[in-house]
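So you can see what is in the structure, the chains are spelled out below.
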Amino acid sequence: VLHCAEPLRSRMARVRCVWYRWVVEEEWQRMVASTDSKGRVTMTTQSGWNTVAQGGRSIPFELEDETGRIRVIPNGAEIEGTRTFDRTCRRSDSRYFEHGPSAAISGSTHRRRLHEKALRLGTDLYVIGTARMRADVVEAEIAESEFGEMFLISTRSEEQIVRGHFWAILL
C-alpha cells in the first residue's frame, strides 16, 4: 500500500497522490484536395488530435506490505497509474483554458480532451525494481538502476503484469 506524509495534489482532479501525468489534446479538422489519375479533384475531410499541453510531477513515497516499508524513488520508472480525470470540453467550459493554451491550433474544432493519471495514496501497487542502500540512513530503497534494469510501478496486480508481458512476447 502506498504511503506519503506530504503528498502532491494532482493538477486536474486535485487528488492526493505521489505521481501524476496530465495531457491536453485539441481536435483539428481540415479539407484536403486530392487528384486521381484522370485529373478529377476530390475533397476529403481529415481530422485528428494534437497534444497542446502536458506535464506532471512525482515525489518519493513509501510502499508497505506484510514484510515492512521501503522508500521508492519513482524517477526513471515506467509508471502505470489509474485514470483520475477524463473529460472532453468546448471553449464554453472553464477547463478548456484552465489547463491548455489560450490560442487554438490551426484548424481547431475548439474541442479539447483532458486526461490525467495518478498514483493515489492508499493504492495497492506492484513494483519491479532494484533495491539499494539509502545514502541518508541505513535502510534500503527502490530506485532507478544505473545498469538499466527494469523499473516498473503499477496499479495492476502481479498476475495482470505477467499476463500482459507474456502476450507481448508472443506478439
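What comes next concerns the included structure.

What the chain contains, in helices and strands, is two helices and 13 strands. The C-alpha atoms of the chain give a radius of gyration of 22 Å, which is well past the 16 Å a tight globule of 171 residues would have. If you line up the chain on its principal axes, its C-alpha atoms span 75 × 45 × 25 Å. The buried share of the chain, reckoned over its 171 residues, is 32%. In the chain, the share of contacts with a sequence separation of at least 24, taken over all contacts with a separation of at least 6, comes to 64%. A total of about 10800 Å² of accessible surface is found on the chain, and carbon and sulfur atoms cover 48% of it. Averaging the locations of the 25 positively and 24 negatively charged side chains of the chain gives two centres separated by 12 Å.

Moving on to the nonpolar core. Formed by 28 residues in total, the largest nonpolar core has its most connected members in Phe61, Val72, Leu119, Leu125, Val127, Phe151 and Ile153. Sorting the residues of this core by element identifies β3 (16-35), β5 (61-65), β8 (82-90) and β9 (108-120) as the ones contributing at least two each. Top contributing element to this core by residue count: β3, with six residues.

On to the sheet that holds strand β13 (residues 152-154). Pairing within the open sheet is mixed, and its three strands lie in the order β7-β13-β10. Here the strands that pair on one side only, and so sit at the sheet edges, are β7 (78-80) and β10 (126-128). Strand-to-strand twist in this sheet, taken as the mean axis angle between neighbours without regard to direction, amounts to 5°. Taken together, the three bridges between β7 and β13 define a ladder with parallel strand orientation. Bridging from a neighbouring strand, Glu80 pairs with Ser154 of β13.

Another point: the packing of aromatic side chains. What the rule picks out here adds up to one aromatic pair. Geometrically, the ring pair formed by Tyr96 and Phe97 is edge-to-face, given 4.8 Å between the ring centres and 75° between the ring planes. Judged by its relative accessible area of 0%, Tyr96 is buried. Lying over the aromatic face of Trp22, Arg11 brings its terminal NZ or CZ to 4.2 Å of the ring centre. The lysine or arginine in question, Arg112, covers the ring of Tyr96, its NZ or CZ lying 4.0 Å from the ring centre.

In this section: unusual backbone geometry. It is generally the case that most residues other than glycine have a negative phi and that most peptide bonds are trans. One non-glycine residue, Arg14, lies in the positive phi region at around 60°. Looking at the element boundaries, Arg14 is found in the loop between β2 (8-9) and β3. Phi at His110 is positive, roughly 65°, even though this residue is not glycine. Within the secondary structure layout, His110 lies in strand β9. With relative accessibility at 30%, the residue His110 sits in the partly exposed group.

Turning our attention to the side chain of Glu116. Mapped onto the elements, Glu116 comes out in strand β9. Arg11 provides the closest opposite charge to the buried, unpaired Glu116, separated from it by 6.9 Å. A distance of 2.7 Å separates a polar atom in the side chain of Glu116 from the backbone nitrogen of Met12. For Glu116, the side chain forms a polar contact with the main-chain nitrogen of Ala13, separated by 3.1 Å. Apart from the residues within four sequence positions on either side, Glu116 is in contact with Ser10, Arg11, Met12, Ala13, Tyr20, Arg21, Trp22, Thr82, Arg83, Thr84 and Phe85.

Both β2 and β3 contribute to a ladder of two bridges, which runs antiparallel. Bridging across to β3, Arg9 finds its partner in Arg16. Examined bridge by bridge, β3 and β9 share 10 bridges and lie antiparallel to one another. Residue pairing for β9: Trp19 is matched across the bridge by Leu119. In this sheet, strand β4 (residues 41-58) lies alongside β3 in antiparallel orientation, the contact comprising 17 bridges. When the bridges of β4 are listed, Val24 appears paired with Ala53. Between β3 and β4, which pair antiparallel and follow one another directly, the connecting turn spans five residues, one of which, Gly39, has a positive phi of 85°.

Criteria and thresholds
Residues numbered from 1 in each chain as written. Predicted model: local features only at pLDDT ≥ 70, side-chain atom pairs only at ≥ 80, totals over all residues. Heavy atoms only, no water. Helix = DSSP H or I, 4+ residues; strand = E, 2+ residues; numbered from the N terminus. Rg over C-alpha atoms; globule rule 2.2 N^0.38 Å. Buried < 20%, exposed > 50% of the residue type's maximum accessible area, 1.4 Å probe, protein only. Contact = heavy atoms within 4.5 Å. Areas by Shrake-Rupley, 256 points an atom, 1.4 Å probe, with all protein chains shown as cover. Lys, Arg positive; Asp, Glu negative; His and termini not counted. Charge placed at Lys NZ, Arg CZ, Asp CG, Glu CD. Core = buried A, V, L, I, M, F, W, Y, C linked by side-chain atoms within 4.5 Å. Pairing = 2+ DSSP bridges. Axes fitted to C-alpha atoms, helices over the stretch in contact; angles between N-to-C directions. Phe/Tyr/Trp six-rings, centres within 6.5 Å; stacked < 30°, edge-to-face > 60°. Lys NZ or Arg CZ within 6 Å of the ring centre and 35° of its normal. Salt bridge = Lys/Arg side-chain N within 4 Å of Asp/Glu carboxyl O. Polar contact = N/O pair within 3.5 Å; in protein donor to acceptor, adjacent residues only side chain to side chain.

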